[in-house]
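Each chain, written out:
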Amino acid sequence: MNNVLITGGTGFVGRHLIPELLAESWHVEVLTRDAAKARNTLPAGATAIESLSSASAPQAVINLAGENLAAGRWTAARKREIRESRLSITRDLVDFIGRCETRPEVLISGSAVGFYGARGDDVLAEGEPAGDEFQSQLCADWEAEAARARDEHGVRVCFIRTGIVLGANEGALAQMVTPFKFGLGGPFGSGRQYMPWIHVRDEVGAIRFLMDHTRCNGPYNLTAPNPVTNRVFTRTLARVLHRPSFAWVPGPALKAMVGEMAHLLLTGQRAVPRALESAGYTFEYRELKAALNDLVGR
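Rules used in this analysis
Residues numbered from 1 in each chain as written. Predicted model: local features only at pLDDT ≥ 70, side-chain atom pairs only at ≥ 80, totals over all residues. Heavy atoms only, no water. Phe/Tyr/Trp six-rings, centres within 6.5 Å; stacked < 30°, edge-to-face > 60°. Buried < 20%, exposed > 50% of the residue type's maximum accessible area, 1.4 Å probe, protein only. Lys NZ or Arg CZ within 6 Å of the ring centre and 35° of its normal. Helix = DSSP H or I, 4+ residues; strand = E, 2+ residues; numbered from the N terminus. Pairing = 2+ DSSP bridges. Right-handed = clockwise from strand over helix to strand, strands pointing away. Axes fitted to C-alpha atoms, helices over the stretch in contact; angles between N-to-C directions. Contact = heavy atoms within 4.5 Å.

Enquirer: Please provide a residue-by-residue account of the packing of aromatic side chains, values included.
Expert: As enumerated under the stated definition, the model contains 3 aromatic pairs in all. Ring centres 5.0 Å apart and planes at 85° place the aromatic pair Tyr-281 and Phe-283 in the edge-to-face group. For the pair Tyr-281 and Phe-283, one class covers both residues: buried. Through a chain of ring-to-ring contacts, the aromatic side chains of Phe-209, Tyr-281 and Phe-283 assemble into a single cluster. Directly above the ring of Phe-134 sits Lys-79, whose terminal nitrogen or CZ lies 5.1 Å from the centroid. Geometry around Phe-115 places Arg-161 over its ring, the cationic atom sitting 3.6 Å from the centre.

Here it is in structure tokens:
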């Protein structure tokens with residue numbers, strides 16, 4: 001039986017990924033700060049551990065841990081927490097990999113399309129450079145920490161630059177749906193900013209693809225092939241929910257409500273999964289309307 005070690009396994013993506021791995025006879029260990037609490041969330045068959053010293057020798061390591069960027073205002077202290085939550089666990093994982101007598105075959109480490117920064121209408125494939133904003137430098141440093149597993153220990157490393165993951169009752173989509181149900185949905189700011197979305201089934205499918213295909217390494221945009229603007233997204237969601245989308249949140253009002261974090265909502269990335277499709281991955285949901293119909297359609 002193959003062993004896989006996962007951080008962030010109790011989060012949105014992890015909760016969808018782990019059942020897929022268990023169904024394929026992987027032995028899943030989830031590194032968590034509270035094993036007792038995690039056991040109430042994890043499916044039967046997954047093992048919660050609180051220390052890397054308890055981990056079995058893994059064939060694969062999947063690093064999904066990190067504080068939610070949208071969980072609060074970006075104060076100086078909050079930014080430090082966001083950075084440290086990603087860099088410290090990644091540093092610990094790479095050090096753990098170095099101590100393994102038999103190295104894992106692959107490290108799949110989280111990142112985000114925020115790597116590219118605010119780039120307007122530019123089409124962003126994996127070869128584009130990092131931006132100079134907070135989230136851009138965070139992603140670049142996060143990837144650099146994970147790259148040590150390749151550079152120092154010869155392990156294949158894939159960086160997953162994830163977009164907005166859409167799920168039925170959780171994640172960003174669940175927060176978007178609520179105002180639409182009350183007829184208060186609509187675009188943010190100009191509405192021209194791109195939203196690089198991905199259905200959670202393709203997020204999980206892409207991670208599994210990268211695990212299995214040994215020629216895959218380096219950065220991969222985990223986004224659907226057809227990103228849309230915020231205005232198109234909100235109109236499409238309104239049609240699927242059969243609700244109006246007349247409301248509009250001006251940029252200054254959003255900044256007053258959530259502070260610097262509003263930058264994430266008022267800018268975006270027209271990211272495309274060029275490397276993933278070139279490697280042979282086939283998306284189940286390429287178009288937004290089909291994805292939303294599957295998740296929240298009536």
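Next comes the rest of the description.
Enquirer: Let's hear about the pairing of strand β5 (residues 106–112): which residues, and what values?
Expert: Where burial is concerned, most of β5 is hidden: 6 out of the 7 residues are buried. One ladder, built from 4 bridges, connects strand β4 (residues 60–63) with β5; its direction is parallel. Opposite Ala-60, over in β5, you have Val-106 as the bridge partner. Each parallel crossover has a hand, and for β4 linked through helix α3 (residues 76–99) to β5 it is right-handed. Pairing of β5 with strand β7 (residues 156–162) involves 7 bridges; the strand directions are parallel. Within β7, the position partnered with Val-106 by the bridge is Arg-156.

Enquirer: Describe unusual backbone geometry, and please don't skip the residues or the numbers.
Expert: With a phi angle near 70°, Ser-25 is a residue other than glycine that sits in the positive phi range. You can see Ser-25 is positioned in the loop between α1 (12–23) and β2 (27–31). On the accessibility criterion, Ser-25 (47% relative accessible area) is partly exposed. Of note, the phi angle at His-242 is positive, near 60°, even though the residue is not glycine. Inspection of the secondary structure puts His-242 in the loop between α7 (230–241) and α8 (251–258). Classification of His-242 as exposed rests on a relative accessible area of 58%.

Enquirer: Can you tell me about the sheet that holds strand β3 (residues 47–49), naming the residues and giving the values?
Expert: Here we have 7 strands laid out as an open sheet, ordered β3-β2-β1-β4-β5-β7-β11, and parallel in their pairing. On the outer flanks of this sheet lie β3 and β11 (218–222), each paired with one strand and no other. Each adjacent strand pair in this sheet contributes to an overall mean axis angle of 20°, direction not counted. Contacting β4, β5 and β7, helix α4 (residues 134–153) crosses the sheet at an angle of about 175° to β5.

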